[in-house]
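Fold and geometry: a report
Residue strings, one per chain:
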Amino acid sequence: MSAAFPPLREELRGIEPYGAPQLSLEQAPVQLNVNENPYGPSPEAAADIARAVGAAAVSLNRYPDREFVELRSALAAYLNGSGGSGITPAMVWAANGSNEVMLQLLQAFGGPGRVALSFAPTYSMYPEYARNSLTEWYAGHRAEDFSLDLDAARRLVEERRPAVVLLPSPNNPTGTALPHDAVTVLCEAASSYEPGGLVVVDEAYGEFRRAGTPSALELLPRHRNLVVTRTMSKAFALAGARVGYLAADPAVCDAIRVVRLPYHLSAVTQATALAALRHAPELLGRVDDLRAERDATVTWLRVQGFEVADSDANFVLFGRFADRHAVWQGLVDRGVLIRETGPEGWLRVSIGTAGEMTAFRQALLDTVGQAAGQTVEQTTGKTEERA
């Protein structure tokens, strides 16, 4: 048998699977690394989900509704109250997390000879979606403050002629939101060549945006090539259910149906999502608390002298560190797990409960203080601790 077994695609050899570091609660009691909602479903919502799943269980010998009509109707109604208007069930598609939604978009509209484009720093899974769908990947660059230079972005789209432009807003890992004019410029640029391209605005963290920050859902009536994706993993506190969705022109949804796997949304997933949507006000009730905690975290980090990106998400990117891994490890050693991601020298912390954020702040002060003390010792040759 060949030493190269198994016969993996050559471009996949040696690649580590994607995933944030996972540590047990014993190793890191405070887990602030994957942007989860720290507040679980209410007892009432959990009970309704359990009832809905129980009702679905008696017919699990049958395939689910492969068009998930009831769920698409409920999602459309929710989106029309969350920044959109005039969104119909035919304009909505859902899958197992927004990850699968994105992959399906690349499977349908990317592929050999086509380009997917974004602007770095950006979500680290995007190039993997492109790779897995045999789509060429190209990343432009954001400005120093993580915004987009619109003239440069437009020229890049016109030059590279991507089939799909991926734009997280708020951006992951920076938390930066896109203004409407940026979305419009890129939609128009992606319509300027044949056969044109889709502009996908990834609003996974859209419910956390600050007051006055618009949703790209408002622009759907103006741009036929605009797709807006959302997830129930974050604001809905439903990460374990794996439900993501999009709103777009019905023709986009119809095209995705060509590449989706049969019955890709299980009856249990559909029942869970529908029950959660019935409890949307209470599940989203902690969003304001998390926004306030985020803003307080940004202010505190800046007072301590850190550089901090403005955030419309439920996480904060901060730095800059000469050795960010040492800081990350120092926090882990103190029981706090955050994410070593983004541009070199930066770290990202998810927003947790007030108690978790207090623990994070103390651990960060202790870690940075210890590092500073060690620097003094190395410089002076002294062994005493820094005062």
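The structure reproduced in this document is the subject of the present report. (Residues numbered from 1 in each chain as written. Predicted model: local features only at pLDDT ≥ 70, side-chain atom pairs only at ≥ 80, totals over all residues. Heavy atoms only, no water.)

1. What to know about unusual backbone geometry
- Residues S169 and P170 are joined by a peptide bond in cis, for which omega reads 0 degrees.
- The residue P170 is located in the loop between β5 (164-168) and α6 (180-190) in this model.
- A cis amide bond links G319 to the next residue, R320, at an omega of -10 degrees.
- Relative to the elements of secondary structure, R320 occurs in the loop between β10 (315-319) and α11 (324-333). (Helix = DSSP H or I, 4+ residues; strand = E, 2+ residues; numbered from the N terminus.)

2. Regarding the sheet that holds strand β7 (residues 226-231)
- Reading across from one edge, β2-β8-β7-β6-β5-β3-β4 is the order of the seven strands in this open sheet, with mixed pairing throughout. Since the sheet does not close on itself, it has two edges, and those belong to β2 (92-95) and β4 (136-141), each with one partner. Going from strand to strand, the sheet's axes swing by 25 degrees on average, the running direction of each strand aside.
- Two strands pair when backbone bridges link them, and strand β3 (residues 115-120) and β4 are joined in this way by six bridges, in the parallel orientation. Residue pairing across strands places A120 opposite H141, the latter belonging to β4.
- The strands touched by helix α7 (residues 250-259) are β2, β6 (198-202), β7 and β8 (244-247); relative to β2, the strand with the most contacts, the crossing angle is about 35 degrees. (Pairing = 2+ DSSP bridges. Axes fitted to C-alpha atoms, helices over the stretch in contact; angles between N-to-C directions. Contact = heavy atoms within 4.5 Å.)

3. Let's talk about the environment of R361
- Among the secondary structure elements, R361 is positioned in helix α12 (residues 354-380).
- Sequence-wise, R361 and V53 are 308 residues apart; in three dimensions their C-alpha atoms are separated by 40 Å.
- In contact with R361, other than residues within four places in its own chain, are E293, T297 and W300.

4. Quick look at the packing of helix α1 (residues 43-57) against helix α8 (residues 267-278)
- Where α1 contacts α8, the axes come no closer than 8 Å and their chain directions differ by 150 degrees. Taken together, the axes of α1 and α8 lie roughly antiparallel to each other. Where α1 crosses over α8, the handedness of that crossing is right-handed. Residue-level contacts link D48, I49, A52, V53 and A56 of α1 to A267, V268, A271, T272, A275, A276 and R278 of α8.
- Of the residues contributing to the contact of α1 with α8, the split by class is nine nonpolar, one polar and two charged. (Parallel < 35°, antiparallel > 145°, perpendicular 65-115°, else oblique. Left-handed = near helix turned anticlockwise from the far one by under 90°. Nonpolar A, V, L, I, M, F, W, Y, C, P; charged D, E, K, R; others polar.)

5. Concerning the nonpolar core
- With 79 residues, the main nonpolar core has L71, I87, L105, V199, L226, M232 and L246 as its most contacted residues.
- Take this core: its biggest share by element is seven residues, from α8.
- The contacts of L105, once residues within four sequence positions are left out, are G110, L198, V200, V227, T229, L246, V252 and I256.
- Membership of the second largest hydrophobic core comes to 34 residues, among which are Y205, F315, L331 and I351. (Core = buried A, V, L, I, M, F, W, Y, C linked by side-chain atoms within 4.5 Å. Buried < 20%, exposed > 50% of the residue type's maximum accessible area, 1.4 Å probe, protein only.)

6. Here we look at α6
- Burial analysis of α6 places eight of its eleven residues in the buried class, which makes it a mostly covered element.
- Residues A182, V183, T184, V185, L186, C187, A189 and A190 constitute the buried set of α6.
- The inward-facing, buried residues of α6 contact β3, α5 (150-160), β5, β6 and β7.

7. Considering the pattern of salt bridges
- Scanning the entire structure with this criterion turns up 25 salt bridges.
- Measuring nitrogen to oxygen at the nearest pair gives 3.2 Å for the salt bridge that ties R154 to D151. In this pair, R154 and D151 are both assigned in helix α5, three residues apart and thus about one turn of the helix distant.
- Note that R324 is salt-bridged to E344, the shortest N-O span being 4.0 Å. A residue pair is termed long-range when its members are at least 10 positions apart, and R324 in helix α11 and E344 in the loop between β11 (336-337) and β12 (346-350) qualify at 20 residues.
- For R324, a relative accessible area of 11% gives the class buried.
- The exposed category is assigned to E344, whose relative accessible area is 63%. (Salt bridge = Lys/Arg side-chain N within 4 Å of Asp/Glu carboxyl O.)

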